[in-house]
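Residue strings, one per chain:
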Amino acid sequence: MRRARLSPVLLAVFVCMVSTPGWGQSSGLDAIRAAIPEKWWEEGSWDQREALQQFLATHTVKDAQGADAHVLLGYNYRVLGEYDNAMNEFKRVIAEYSDLQSEAVQVQVAKAQFEVAQIYYWFRKDYGAALTQYQLVVERYPDTVQGVDALEYVGRCYIAKNDEQNA
């Protein structure tokens, strides 16, 4: 019986991976995430901006971790009442990560799109802009948690605009 042999190329890739510092360890985001309280959405409940900005300064790859860090930074700005900064982070994720095909990245893009709508709805009370953003979430991410939640908010926006017929 012949024994399977690992190709030299695969062996070289494996050696590079395991010898790379930090490979196989949890990301720096795990430590940041551990410092976020369970009820993270409560106003002023946490501030990890510095740690997230530092992570993003060293993590220049466009991948799920980068998108996740930008989303977390957007959430952080939101709980601190810095809605313009939050909006900028969420829109950055949409602009810079939407074209990536990774499912993990697309989850973060869906979150970002939903959060843009949430800021318009809850904090700016701009129900027309919120409606447009929620409809984008429903169109682009129908099979996600955000897509289902956005569908409910589409109705809420119509009600807020006194358009019960479309709600």
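Residues numbered from 1 in each chain as written. Predicted model: local features only at pLDDT ≥ 70, side-chain atom pairs only at ≥ 80, totals over all residues. Heavy atoms only, no water.

What about the packing of helix α7 (residues 127-140) against helix α8 (residues 145-160)?
Orientation of α7 relative to α8, taken along the N-to-C sense of each, is 155°, at an axis distance of 8 Å. Here α7 is positioned roughly antiparallel relative to α8, judged by the angle of their axes. Regarding α7 and α8, the two cross each other, and that crossing is left-handed. Packed against α7, whose contacting residues are Tyr-127, Ala-130, Leu-131, Tyr-134, Gln-135, Val-137 and Val-138, the element α8 presents Gln-146, Gly-147, Ala-150, Leu-151, Tyr-153, Val-154, Cys-157, Tyr-158 and Ala-160 at the interface. Within the contact of α7 with α8, the residues separate by chemical class into 13 nonpolar, three polar and no charged. (Axes fitted to C-alpha atoms, helices over the stretch in contact; angles between N-to-C directions. Helix = DSSP H or I, 4+ residues; strand = E, 2+ residues; numbered from the N terminus. Parallel < 35°, antiparallel > 145°, perpendicular 65-115°, else oblique. Left-handed = near helix turned anticlockwise from the far one by under 90°. Contact = heavy atoms within 4.5 Å. Nonpolar A, V, L, I, M, F, W, Y, C, P; charged D, E, K, R; others polar.)

Quick notes on helix α5 (residues 83-97)
Taking 1.5 Å per residue as the helical rise, α5 with its 15 residues ought to reach 21 Å, and the 21 Å between its terminal C-alpha atoms agrees with that figure. Three or more residues of α5 are buried, namely Ala-86, Met-87, Glu-89, Phe-90, Val-93, Ile-94 and Tyr-97. Here the buried residues of α5 occupy an arc of 160° about the axis, which is enough to place them on one side. The exposed set on the far side of α5, more than 90 degrees from its buried face, consists of Asp-84 and Ala-95. Summarising the contacts, the buried residues of α5 are in contact with α4 (64-79) and α6 (103-123). (Expected span 1.5 Å × (residues − 1). Buried < 20%, exposed > 50% of the residue type's maximum accessible area, 1.4 Å probe, protein only. Arc of directions from axis to C-beta.)

Observations regarding helix α3 (residues 49-58)
Here α3 has its buried residues at Leu-52, Phe-55 and Leu-56. Mapping the buried residues of α3 onto a view down its axis gives an arc of 95°, with all of them on the same face. Away from the buried face of α3 by more than 90 degrees, exposed residues Glu-50, Gln-54, Ala-57 and Thr-58 are located. Residues of α3 that are buried in the fold lie against α2 (28-34) and α4.

What about the confidence of the model for the chain?
Looking at the chain, pLDDT values average 87 and 84% of them are 70 or higher. Here residues 1-26 is a poorly scored stretch, pLDDT under 50, and it has three contacts once near neighbours within four places are set aside; other chains count. (pLDDT = per-residue confidence, 0-100.)

Considerations on the packing of α3 against α4
Where α3 contacts α4, the axes come no closer than 10 Å and their chain directions differ by 155°. Classed by the angle they form, the pair α3 and α4 counts as roughly antiparallel. Of the two elements, α3 crosses α4, and the hand of that crossing is left-handed. Along its contact with α3, which presents Arg-49, Leu-52, Gln-53, Phe-55 and Leu-56, the element α4 presents Gln-65, Gly-66, Ala-69, His-70, Leu-72, Leu-73, Asn-76 and Tyr-77. In terms of residue class, the contact of α3 with α4 is made up of seven nonpolar, five polar and one charged.

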